[in-house]
Amino acid sequence: MKSWIARQRYLIDFTLSSLLRRKVRNLILFAVYAVSIFVLGSVMLFSHAIRREAAQILASAPEITIQKLVMGRHDLIGQDYLDAVKNIRGVRRAEGRLWGYFYDQASRANYTLMVPPPDDAARALAPGETMIGAGVARARGASQGSFLFLLSPTGKMFKLKVKSILDSASELVSADLVLVSAEDFRRFYRLDSARGFTDLALKVRNSREIDTIIEKASLKLPDARFITRRDILRTYESIFSWREGLLLALLGASIIAFAIFAFDKASGLSAEERREIGILKAVGWETGDVLAMKFWEGALISLAAFLSGVVLAYAHVFFFDAGLLAPVLKGWSVIYPQFSLAPHLDGLQIATLAFFTVVPFSAATIIPIWKAAITDPDMVMR
Amino acid sequence: MISLDNVCKTYHEGRENEVRAVREVSLEIGADRTTVIRGPSGSGKTSLLTLIGCLSRPSSGRIRLGGEIISGLPEKFMTGIRRQTFGFIFQRFNLIRGITVLENVMLPAYPLGTDHAALKARAGELLEMLEIPGKAAMNAEQLSGGEAQRVAIARALINDPQMVIADEPTANLDTRLTMQFLDIVRTLRGQGKTMLMTSHDPRIWSADMVDTIITMEDGRVTAVEAADRS
């Protein structure tokens, strides 16, 4: 065991000196490798984080949302609709929701104005108060205790005191939020209570009964559409998976270029390297020793590049808002103002990334070396 | 110690550029002796040396070491024999550039996992014996021809082999360095090492410590004679 450890130490020592002897080539290889991992890692981390965040946020969303349609378009829904569904067996809670969009001239951004649910004590607001998302706070330079001025669609200026900034861990959906009391909301849009709500939210006792409840409700409300939480999550999934897939397909060319480069640089043995292998074998190294030495060489380059690439991708996605990829991955036109993702690292994802980069690199490195190493040493040296 | 029985070595067999480097060679190389193989360029000296030193395999025929057939052994066993039995001094020395003299000398012992302090001490002793102790920390490419050859000799001796094989050891040396090399060979012979060399150089054939001279031509052994000591 002691001699095995000493042997591995000698091999690693020799590997390190071998890396230093060809430092320019190895530095180029490291840089190209790390950049490839960085790009792939950024796409994967971003897409995964955005889907995860959506799933977490939607976990507390109502199981069923009901919207009234007029001529195929979403319209306000009346109290009578709420009365019609709240007594359906299996419905635990039914309430009307008030929310709407408006374009803010000052920051040139679309905000979502919303009334928090009545049972959410932490977000209960009195008239004249507001809670805003981190994106709105950044765009308007607002902070807790300051005032937010909004020009309503009716041309009236609203002055709201910022009670607090919403938790930045859920910025994907909260970044553009402006929470206000029901009174302020109705005044802002000049919407009297007789006109009802934006939509209805239903919570059910048993999630397996959702389809049955929708079936019953649709008989009572034939002009309404029913959106389940599952549907919203699926939509998010498909949007971001599609974007991720598109980007990965575009990056496919760079991945292939990297593979060719890695194969050429890492495995295409120079005459000097072939001579070195011949010398090592001639002086008593076994094929296994040469392969172990080259394995350590490849492992050191690929692990260093892999770790650097992943760390850079992590910083890029979670600390620099994925600036290089955001226009494609976020969907610039539909998600605004800017939001930051909560840092998260998934083991399976990292393992997948390693599998598709470290393994091909190792294979590309080891096969030609094995070919050279099994040749008789005199042939290698001639 | 080593016997060859009808050994042939053909490169690129069956192709247009086929070369029959060694043809039906049968001979014996005795232990504790100094044997020199001579002959013109292309006569097959180096090929024969690589066959004897287990650096390549014969295309046909058998090679025995101490009565055991070694020519058909798997690569792992061949390497083991090469490591334990032979030390090589190559014509162009074949030191690895970019690493120190000490590392070059210790290189053949790395796969054995020898204790580092003991290995370093042994390498130091050899460099001392070869009168180049001050060169240990220098890189191989910074050495002169004579120094490089001494490092190559130290490397050949690090695993304490029974036989030292040298291919044209004086081809790149001047007269003074050739004489110094012969002194080293004399010392090694005094330590009981078996020496096997190829050479064009008459100063080698006529050296006092040479016991046997083998002459080759066109891949064949044309003469095996005891050295003339008169």
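Residues numbered from 1 in each chain as written. Chains lettered and ligands numbered in written order. Predicted model: local features only at pLDDT ≥ 70, side-chain atom pairs only at ≥ 80, totals over all residues. Heavy atoms only, no water.

S.K.: Explain the overall build of chain A here, please?
M.R.: Helix and strand counts for chain A come out as 13 helices and 11 strands. When the 382 residues of chain A are sorted by exposure, 47% land in the buried category. Considering only residue pairs separated by 6 or more positions, chain A has 80% of its internal contacts joining residues 24 or more positions apart. (Helix = DSSP H or I, 4+ residues; strand = E, 2+ residues; numbered from the N terminus. Buried < 20%, exposed > 50% of the residue type's maximum accessible area, 1.4 Å probe, protein only. Contact = heavy atoms within 4.5 Å.)

S.K.: Just to check I follow, could you spell out the pairing of strand S9 (residues 212-217) of chain B for this structure?
M.R.: Along any regular strand, the residues point their side chains to alternate faces of the sheet. Residues and elements named next belong to chain B. The element S9 is extensively covered by neighbouring structure, given that 5 of its 6 residues are classed as buried. Here 6 bridges tie S9 to strand S10 (residues 220-226), and the two strands are oriented antiparallel to one another. Each bridged residue has a counterpart across the sheet, and for Met 216 the counterpart in S10 is Val 221. Taken together, S9 and the strand that follows it, S10, pair antiparallel across an intervening segment of 2 residues, in which Asp 218 is found at a positive phi of about 50°. (Pairing = 2+ DSSP bridges.)

S.K.: What is the right way to read the environment of Ala 154 of chain B from this model?
M.R.: Residues and elements named next belong to chain B. On the secondary structure map, Ala 154 appears in helix H5 (residues 145-157). Residue Ala 154 is classed as buried on the basis of its relative accessible area, which comes to 0%. Each C-alpha atom, one on Ala 154 and one on Gly 87, is 9.3 Å from the other, the two residues being 67 residues apart in sequence. Excluding residues within four positions of it along the chain, Ala 154 makes contact with Val 105, Leu 126, Leu 127 and Leu 130.

S.K.: I tried to follow the packing of helix H9 (residues 271-282) of chain A against helix H10 (residues 287-318) of chain A on my own but got confused; where do I start?
M.R.: Think of two packed helices as two axes; the pair is described by the angle between the axes and how far apart they sit. Residue and element names in this part refer to chain A. Where H9 meets H10, the axes come as close as 9 Å, and the angle between the chain directions of the two elements is 135°. Regarding the angle of H9 to H10, the classification is oblique. Crossing of H9 against H10: the hand is right-handed. On H10, the residues touching Glu 273, Ile 277, Leu 280 and Lys 281 of H9 are Thr 287, Val 290, Met 293 and Lys 294. For the contact of H9 with H10, the per-class residue count stands at 4 nonpolar, 1 polar and 3 charged. (Axes fitted to C-alpha atoms, helices over the stretch in contact; angles between N-to-C directions. Parallel < 35°, antiparallel > 145°, perpendicular 65-115°, else oblique. Left-handed = near helix turned anticlockwise from the far one by under 90°. Nonpolar A, V, L, I, M, F, W, Y, C, P; charged D, E, K, R; others polar.)

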